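# Observations on the three-dimensional arrangement
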Amino acid sequence: MNPFAEIVADGSLLLAIPVALLAGLVSFLSPCVVPLVPGYLGYVTGLTGADLADQKRGRLVAGISLFVLGFTAVFMLAGVLFAQVSIWLRFQGAWVTQVLGVVVIIMGLVFMGGLGLFQRTRKLNYRPPAGLWGAPVLGFVFGLGWAPCMGPTLAAVLALSSGANPDVGKGALLTFAYCVGLGLPFILIAMGLRRGMGALAFFRRHKRAVSMFGGIMLIVLGVLMATGVWGMWVAELQNWFVNDVRLPI
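As the structure is a computational prediction, the values presented were derived from the model and not from experiment.

Criteria and thresholds
- Residues numbered from 1 in each chain as written.
- Predicted model: local features only at pLDDT ≥ 70, side-chain atom pairs only at ≥ 80, totals over all residues.
- Heavy atoms only, no water.
- Helix = DSSP H or I, 4+ residues; strand = E, 2+ residues; numbered from the N terminus.
- Buried < 20%, exposed > 50% of the residue type's maximum accessible area, 1.4 Å probe, protein only.
- Contact = heavy atoms within 4.5 Å.
- Areas by Shrake-Rupley, 256 points an atom, 1.4 Å probe, with all protein chains shown as cover.
- Patch = residues over 30% accessible without salt bridge, like charges linked within 9 Å, V, L, I, M, F, W, Y side chains within 5 Å.
- Salt bridge = Lys/Arg side-chain N within 4 Å of Asp/Glu carboxyl O.
- UniProt positions renumbered as here; feature names shortened; annotations may be inferred.
- Polar contact = N/O pair within 3.5 Å; in protein donor to acceptor, adjacent residues only side chain to side chain.
- pLDDT = per-residue confidence, 0-100.
- Core = buried A, V, L, I, M, F, W, Y, C linked by side-chain atoms within 4.5 Å.
- Axes fitted to C-alpha atoms, helices over the stretch in contact; angles between N-to-C directions.
- Parallel < 35°, antiparallel > 145°, perpendicular 65-115°, else oblique.
- Left-handed = near helix turned anticlockwise from the far one by under 90°.
- Nonpolar A, V, L, I, M, F, W, Y, C, P; charged D, E, K, R; others polar.

Looking now at the overall build of the protein. Check the secondary structure of the protein and you find 12 helices and 0 strands. The linear arrangement of helices and strands in the protein, starting from the amino end, is α-α-α-α-α-α-α-α-α-α-α-α. In the protein, buried positions account for 43% of the 249 residues. Long-range pairs, those at least 24 residues apart, make up 83% of the contacts in the protein between residues at least 6 apart in sequence. Working note: accessible area of the protein is about 12500 Å², and carbon and sulfur atoms make up 70% of it.

On the surface, a nonpolar cluster with roughly 570 Å² of combined accessible area is contributed by Leu21, Leu173, Phe176, Val180, Leu184, Leu188 and Met191. The dominant element in the nonpolar patch, judged by the number of residues it contributes, is helix α9 (residues 168-191), at 6 residues. With respect to the helices and strands, the residue Leu21 is situated in helix α2 (residues 11-29). Residue Leu21 is classed as partly exposed on the basis of its relative accessible area, which comes to 34%.

This part is about the UniProt feature "transmembrane region" (unreviewed entry) in the protein. The sites that UniProt annotates as "transmembrane region" (unreviewed entry) are residues 12-30, 60-89, 95-118, 130-160, 172-193 and 213-233. Helix makes up 97% of residues 60-89 and strand 0%, and the two end C-alpha atoms of the span are 44 Å apart. Secondary structure within residues 213-233 divides into 90% helix and 0% strand; the distance between the first and last C-alpha atoms comes to 23 Å.

On the secondary structure map, Thr153 appears in helix α8 (residues 151-161). Using a relative accessible area of 0% as the deciding quantity, one classes Thr153 as buried. Among the polar contacts made by the side chain of Thr153, one reaches the side chain of Tyr178 at a distance of 3.2 Å. Setting aside anything within four residues of it in sequence, one finds Thr153 in contact with Ala23, Val26, Ser27, Phe111, Tyr178 and Leu218.

With that settled, consider the confidence of the model for the protein. Note: predicted coordinates in regions of low pLDDT should not be interpreted at a detailed level. A residue-level look at the protein finds 73% of positions with pLDDT of 70 or above and a mean pLDDT of 77. Within the protein, the element-level pLDDT minimum falls on helix α1 (residues 3-9), averaging 48, and the maximum on α9, averaging 89.

Okay, the nonpolar core next. Formed by 51 residues in total, the largest nonpolar core has its most connected members in Phe28, Phe67, Phe71, Phe75, Tyr178, Leu182 and Phe186. If sequence neighbours within four positions are ignored, Phe67 has contacts with Tyr40, Val44, Ala135, Pro136, Leu138, Gly139, Phe142 and Phe186.

Here we take up the environment of Pro152. The residue Pro152 is located in helix α8 in this model. It is 7.4 Å that separates the C-alpha atoms of Pro152 and Val104, two residues lying 48 residues apart in sequence.

The subject of this paragraph is the packing of α8 against α9. Put simply, α8 and α9 touch, their axes get as near as 9 Å, and they point 150 degrees apart. Our classification of the angle between α8 and α9 gives roughly antiparallel. Seen along the crossing, α8 lies across α9 with a hand that is right-handed. For the pair α8 and α9, contact is made by Thr153, Leu154, Val157, Leu158, Leu160 and Ser161 and by Lys170, Gly171, Leu174, Thr175 and Tyr178, respectively. Grouping the constituent residues of the contact of α8 with α9 by class yields 6 nonpolar, 4 polar and 1 charged.

Listed below in structure tokens is the structure:
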């Protein structure tokens, strides 16, 4: 079977990619990220509040795109390393998915504000130069600062990439999907600043609802993994592609 067919036939990816995209979006809307978006927009462009109000879109989009590129590199590297370590340690089999499911359930509780031990935020104090040159570095620093709102969702994506059949390519692809869900809202807001700021105000007012939705999503995913239902769905999808869809080999 050719590489493309193998990817298509991997039922785990067909289920996991939408979950990774949604996890990234939930991370963006979390109380740890949404309030900081205006600050990031100003910092990565080197513009003042008045300049931002003038909607200098070219500079805004360039700066925020470089910022997104910075944290995408961090998260994709984490996905590749996590999958590779799983392969080295021979963490394979249904039991791995079930154990990771329990971890995802715990991460869901953390996202909802539970387990105070895990609510401590770790931040790097390093600040790169403001402006376009420092934008990718700021994104890199943002990616390394795993806050309680972002760590649980990313941990769930890493768990999906390193379940019963860990694969480096899968780890890279799923973390990239996570970064699309997290980074695309940044870019869309930069393209339509005023409307985007209005949407951010709405989510700031409903930050508790976002936390509850994200936590419940992770808990449901964890239960599916821990009970073996996720693995059963993956197997059924793989069987459907192999037997009912003629893939080029």
